[in-house]
Amino acid sequence: MPILSAHLKSEKIAEARSTQDKAIEYGALLSFPAAVALIVLAEPIVNILFQHGRFNAQDTVQTAAAVIAYSVGLPLYVMVKALSPNFFARGDTKTPVKYSIVVFAFNILFILILMQFFGHVGVACATTLAAFVSFAQYVHGLKKRGYWEFSPQLIRKLGKIVAASLLMGAAILLAEYLLNLWLNDWLLLGFGIKIPILTAICALGVASFCISAKPGASSRTTPGIKISITITKRVTKNVRAEIALDAKLRASSLFSLTNLWESIGTNAVVKAPSANR
């Protein structure tokens, strides 16, 4: 906001709009990939964080559904935060308050309606729908007053970010599918194995997003891609070691139980004749 205020006070309208475009672009660059990652990884994240003790698999599924509903509205929340300073920088504090009251009213209305059909997920859906209302208000209000509107260049950049985020989501889903073929549902593995697997999946997502967003593999993105690939390789190696160790421990436990059972059976056989005597 300070940069935007300085441009407006100096009557540098073009610079002010460029600053607003950059704020939207940077917000989208962070929020869209995060939203897609939360949507496709909602169940693994909830499983690893909360599925312990009384929190069972069904609770994980229900919580993941709410996380997905909230995640859809994440980019809108971020962009609203980027748009609201445009009013404050001009000394207009009333309009954002009015918008907040409208959004609050719509949020309550959506909650009362959607809870009847979707329960707790309806609350999350209502919050996301309210974010759409808030975003629409700010875009319409800024355009109506001539303060700012989406430029063709910004729309192209946002389209590129969305496309790269969707490709990242597809890469993560493919990785999960291959993991399940290899490990037969990796979420059933031990906690110490799931953490590095999730780390590797996230690294793969970052690498795929960088490659999709920068097809030319510029010098700025190449180090990030190399780091992600290195992390993925190391984590895969550690996961294989953990799985091998887990298999050895299980085999050792089974062998011990078998020996214990045989010794119990032998003692029972030895005691039986003495009891008959």
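Residues numbered from 1 in each chain as written. Predicted model: local features only at pLDDT ≥ 70, side-chain atom pairs only at ≥ 80, totals over all residues. Heavy atoms only, no water.

(A) A look at the overall build of the protein chain. When you go through the protein chain residue by residue, the secondary structure sums to 11 helices and 0 strands. Beginning at the N terminus, the succession of helices and strands in the protein chain can be written as α-α-α-α-α-α-α-α-α-α-α. Taken across its 277 residues, the protein chain has 36% of its residues classed as buried. Within the protein chain, contacts between residues at least 6 apart in sequence are counted, and of these 73% link residues at least 24 apart. With the model as given, the accessible surface of the protein chain reaches about 16,900 Å², and the carbon-plus-sulfur share is 67%. (Helix = DSSP H or I, 4+ residues; strand = E, 2+ residues; numbered from the N terminus. Buried < 20%, exposed > 50% of the residue type's maximum accessible area, 1.4 Å probe, protein only. Contact = heavy atoms within 4.5 Å. Areas by Shrake-Rupley, 256 points an atom, 1.4 Å probe, with all protein chains shown as cover.)

(B) Molecular detail of the packing of helix α2 (residues 13-40) against helix α3 (residues 42-50). Between α2 and α3, the least distance of the axes is 4 Å, while the angle of their chain directions is 70°. In terms of axis orientation, α2 runs roughly perpendicular to α3. Of the residues in α3, those touching α2 at A37, L38, I39 and V40 are A42, P44 and I45. Broken down by class, the residue content of the contact of α2 with α3 amounts to 7 nonpolar, no polar and no charged. (Axes fitted to C-alpha atoms, helices over the stretch in contact; angles between N-to-C directions. Parallel < 35°, antiparallel > 145°, perpendicular 65-115°, else oblique. Nonpolar A, V, L, I, M, F, W, Y, C, P; charged D, E, K, R; others polar.)

(C) Region of the structure containing the nonpolar core. By size, the foremost hydrophobic cluster in this structure holds 19 residues, and its most contacted members are W186, I197 and I201. Elements with a minimum of two residues in this core: α2, α9 (152-183) and α10 (191-213). Residue contributions to this core peak at 6 residues, all from α10. Counting residues in each nonpolar core, the second largest holds 18 residues, with A28, L83, F135 and W148 among its members. (Core = buried A, V, L, I, M, F, W, Y, C linked by side-chain atoms within 4.5 Å.)

(D) Structural context of the environment of I108. Note on placement: I108 falls in helix α7 (residues 94-118). Placed 18 residues apart in sequence, I108 and A126 show a C-alpha to C-alpha distance of 7.9 Å.

(E) How the structure looks around unusual backbone geometry. Positive phi, close to 60°, is recorded for N184, a residue that is not glycine. As for its placement among the helices and strands, N184 is situated in the loop between α9 and α10. With a phi angle near 70°, D185 is a residue other than glycine that sits in the positive phi range. On the secondary structure map, D185 appears in the loop between α9 and α10.

(F) Local environment of the confidence of the model for the protein chain. On average, residues of the protein chain score 82 in pLDDT, and 74% of them reach the 70 mark or higher. Within the model, the stretch residues 217-225 combines pLDDT values under 50 with 6 contacts to residues more than four positions away or in other chains. (pLDDT = per-residue confidence, 0-100.)

(G) Local environment of the side chain of E176. If you trace the backbone, E176 turns up in helix α9. Of the side chains bearing the opposite charge, K194 lies closest to the buried E176, which forms no salt bridge; the N-O distance is 11 Å. When neighbours within four sequence positions are excluded, E176 is seen to be in contact with V40, L41, P44, W186 and I201. (Lys, Arg positive; Asp, Glu negative; His and termini not counted. Salt bridge = Lys/Arg side-chain N within 4 Å of Asp/Glu carboxyl O.)

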